[in-house]
Amino acid sequence: MHSKTQAGQSSMGECVITVRGSVDAYEALREEVRLFAAEEGYGRDFCGQLQLSLKELFVNAVRHGNRGMEHLRITFRFQASLEANGPVLRVSVTDCGSGFALADLADPTSPQFLLRSSGRGMYIISSIAEIVGVERHGPGCTLRLRYAPY
């Protein structure tokens, strides 16, 4: 499920986690991410924000990407690096869905959507991480994100 490789001599690394597309697989993902974040030395507050966004990403991939088909997989790739402005965490989430266009998503802060019980996932994610892009490919879709760990 999990593989980690070190990049060079620094503590910056990479982690790939593949889980089944079922809601009960989230706990395994959460624990693997907790371990990766601890290895990278991320602060407690950032780890909480990372976990919140990953839960939303996971739920979206299960419900919308894989359409609830539990035999389909979801892959999370984490790449920690040090850039000119400080540490960066790049995350990609790949599911088996046909993808979506960010511009087509409804604004959950619009009055007509305020009382809906769902539809805020990408809004929450974008408040925590920069959404770099969505790529559709063959049998799936990859959402790419950029975090600034603290």
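The structure under discussion appears in the preceding block.
Everything numeric in this text was worked out from a predicted model, so none of it was measured.

Student: Could you give me a rundown of the environment of Glu39, with the residues and numbers involved?
Tutor: On the secondary structure map, Glu39 appears in helix H1 (residues 26–40). A sequence separation of 26 residues divides Glu39 from Gly13, and the C-alpha atoms of the two residues are 8.8 Å apart.

Student: Give me the nonpolar core: which residues, what numbers.
Tutor: Ranked by size, the top nonpolar core spans 33 residues in total, and within it Leu54, Leu57, Phe58, Phe76, Phe78, Leu89 and Tyr147 carry the most contacts. Elements supplying a minimum of two residues to this core: strand S2 (13–20), H1, helix H2 (44–65), strand S3 (73–83), strand S4 (86–95), helix H3 (121–128) and strand S6 (140–147). For this core, the element with the highest residue contribution is H2, accounting for eight residues. Discounting chain neighbours no more than four positions away, the residues touching Leu89 are Phe36, Tyr42, Phe46, Leu50, Phe78, Gln79, Ala80, Leu145, Arg146, Tyr147 and Pro149.

Student: Provide a residue-level description of H1, including the pertinent values.
Tutor: Here H1 spans 21 Å end to end across 15 residues, near enough to the 21 Å set by a 1.5 Å rise per residue. When we look at burial in H1, the residues that qualify are Tyr26, Leu29, Glu32, Val33, Phe36, Ala37 and Glu40. Along the axis of H1, the buried residues cluster in a sector spanning 135°; they form a single face. Looking at the residues trailing H1, positive phi occurs at Gly41, about 80°.

Criteria and cut-off values
Residues numbered from 1 in each chain as written. Predicted model: local features only at pLDDT ≥ 70, side-chain atom pairs only at ≥ 80, totals over all residues. Heavy atoms only, no water. Helix = DSSP H or I, 4+ residues; strand = E, 2+ residues; numbered from the N terminus. Core = buried A, V, L, I, M, F, W, Y, C linked by side-chain atoms within 4.5 Å. Buried < 20%, exposed > 50% of the residue type's maximum accessible area, 1.4 Å probe, protein only. Contact = heavy atoms within 4.5 Å. Expected span 1.5 Å × (residues − 1). Arc of directions from axis to C-beta.

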